[in-house]
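Structure at a glance
Each chain, letter by letter, is given below.
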Amino acid sequence: MLASFKKQINMYNLKIISSTVRPGRKGPIIAAWVAEAAQKSGFFNVEVLDLGEINLPVMNERHHPMMKKYELEHTKAWSAKIEEADAIIFVTAEYDFGYPAPLRNAIEYLGQEWGFKAAGIVSYGGVSAGTRASNALKNDLATMGMVPLQAQVNIPFFTQFINEQNQFVPNETTVKAAENQFKQLVRWTKGLKIIKEDK
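One structure accompanies this document, and this report is about it. (Residues numbered from 1 in each chain as written. Predicted model: local features only at pLDDT ≥ 70, side-chain atom pairs only at ≥ 80, totals over all residues. Heavy atoms only, no water.)

In this sheet, strand E2 (residues 44–50) lies alongside strand E1 (residues 12–18) in parallel orientation, the contact comprising seven bridges. Across the sheet, Asn-13 pairs through a bridge with Asn-45, a residue of E2. (Pairing = 2+ DSSP bridges. Helix = DSSP H or I, 4+ residues; strand = E, 2+ residues; numbered from the N terminus.)

Next comes the structure, spelled out in structure tokens:
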């Protein structure tokens with residue numbers, strides 16, 4: 001079934017955005033697992049965008065992002081990365097019942113680049129599995145013209161899945177949730193590309 005599904009699709013450019021920036025963060029570990037799983041699925045060309053490494057300053061462009069009149073090199077570079085994406089997965093922690101401020105800042109840097117793209121969310125946390133952050137993020141992504149997927153990956157008590165080698169080792173439930181998200185991401189991306197090109 002999966003093999004026949006793969007034969008019907010093209011490879012899409014998938015960007016995986018890791019949202020946390022503070023020292024000791026675990027986001028990149030989970031993002032690395034998502035990237036590996038997405039690559040193995042055979043649906044995507046994958047690139048991880050780590051906000052901790054990209055280190056965007058607080059939004060400092062003069063013009064409104066929807067105008068795309070960027071003056072600063074870090075904005076132009078960020079714009080180019082998101083522009084080339086066919087789909088995006090956001091890997092987010094939950095801070096104070098919401099998603100991290102650096103991710104909100106990164107989203108607000110741009111406007112048109114987000115539009116007509118499917119968005120998967122992988123959230124992690126304690127008992128809530130980051131679902132409050134995920135719900136807040138879904139609302140904000142929709143206002144940017146994205147389509148947040150119903151199929152999410154929510155990881156409760158995530159530190160139990162990080163081994164001594166600092167690798168994320170998911171359980172079967174998480175693996176299946178990710179596989180379902182990838183398939184939904186492909187279907188939505190295929191449809192949204194048609195809508196985006198119908199100007």
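A word on the pattern of salt bridges. On inspection of all chains with the given rule, the structure shows 13 salt bridges. Between Arg-104 and Glu-108 there is a salt bridge, with its nearest N and O atoms 2.6 Å apart. Here Arg-104 and its partner Glu-108 are both found in helix H5 (residues 101–108), four residues apart, which amounts to about one turn of the helix. Classification of Glu-108 by relative accessible area gives partly exposed; the value is 36%. In this structure, Glu-172 engages Lys-176 in a salt bridge whose closest nitrogen and oxygen atoms are separated by 3.0 Å. Taken together, the positions of Glu-172 and Lys-176, both in helix H7 (residues 172–197) and four residues apart, correspond to about one turn of that helix. Look at Glu-172 and you get exposed, because its relative accessible area is 56%. Taken together, the shared-partner salt bridges connect Lys-15, Glu-47, Lys-81 and Glu-84 into one network. (Salt bridge = Lys/Arg side-chain N within 4 Å of Asp/Glu carboxyl O. Buried < 20%, exposed > 50% of the residue type's maximum accessible area, 1.4 Å probe, protein only.)

Here we come to helix H4 (residues 73–83). Within the sequence span of H4, burial applies to Thr-75, Trp-78, Ser-79 and Ile-82. Each buried residue of H4 lies within a common arc of 100° when the element is viewed along its axis, so the set occupies one face. Each element contacted by the buried residues of H4 is listed here: E1, E2, helix H3 (51–54), strand E3 (87–92) and H5. (Arc of directions from axis to C-beta. Contact = heavy atoms within 4.5 Å.)

Tracing the backbone shows Lys-196 in helix H7. For Lys-196 and Asp-86, which are 110 residues apart along the polypeptide, the C-alpha to C-alpha distance reads 11 Å. Once residues within four sequence positions are removed from consideration, Lys-196 is found in contact with Glu-83, Gly-115, Phe-116 and Lys-117.

We describe a pair of aromatic rings using the distance from one ring centre to the other and the angle between the two ring planes. Counted under the stated rule, the structure contains seven aromatic pairs. Judged by centre distance (5.9 Å) and plane angle (90°), the ring pair of Phe-43 and Phe-44 falls under edge-to-face. Judged by relative accessible area, which is 0%, Phe-44 ranks as buried. With a centroid separation of 6.1 Å and 70° between ring planes, the pair formed by Phe-44 and Phe-182 is classed as edge-to-face. (Phe/Tyr/Trp six-rings, centres within 6.5 Å; stacked < 30°, edge-to-face > 60°.)

Among the nonpolar cores identified, the biggest contains 31 residues, and Ile-30, Phe-44, Ile-89, Val-91 and Ile-155 are the most heavily contacted of them. Elements with a contribution of two residues or more to this core: E1, helix H2 (27–41), E3, strand E4 (118–124), strand E6 (153–155) and H7. Here the element with the most residues in this core is H2; it accounts for seven residues. With sequence-adjacent residues up to four places away left out, Ile-155 is seen in contact with Ile-30, Val-122, Ser-123, Tyr-124, Gly-125, Ala-129, Phe-161, Phe-168 and Thr-174. Among the nonpolar cores identified, the runner-up in size contains 23 residues, and Ile-17, Ala-106, Leu-110 and Ala-133 belong to it. (Core = buried A, V, L, I, M, F, W, Y, C linked by side-chain atoms within 4.5 Å.)

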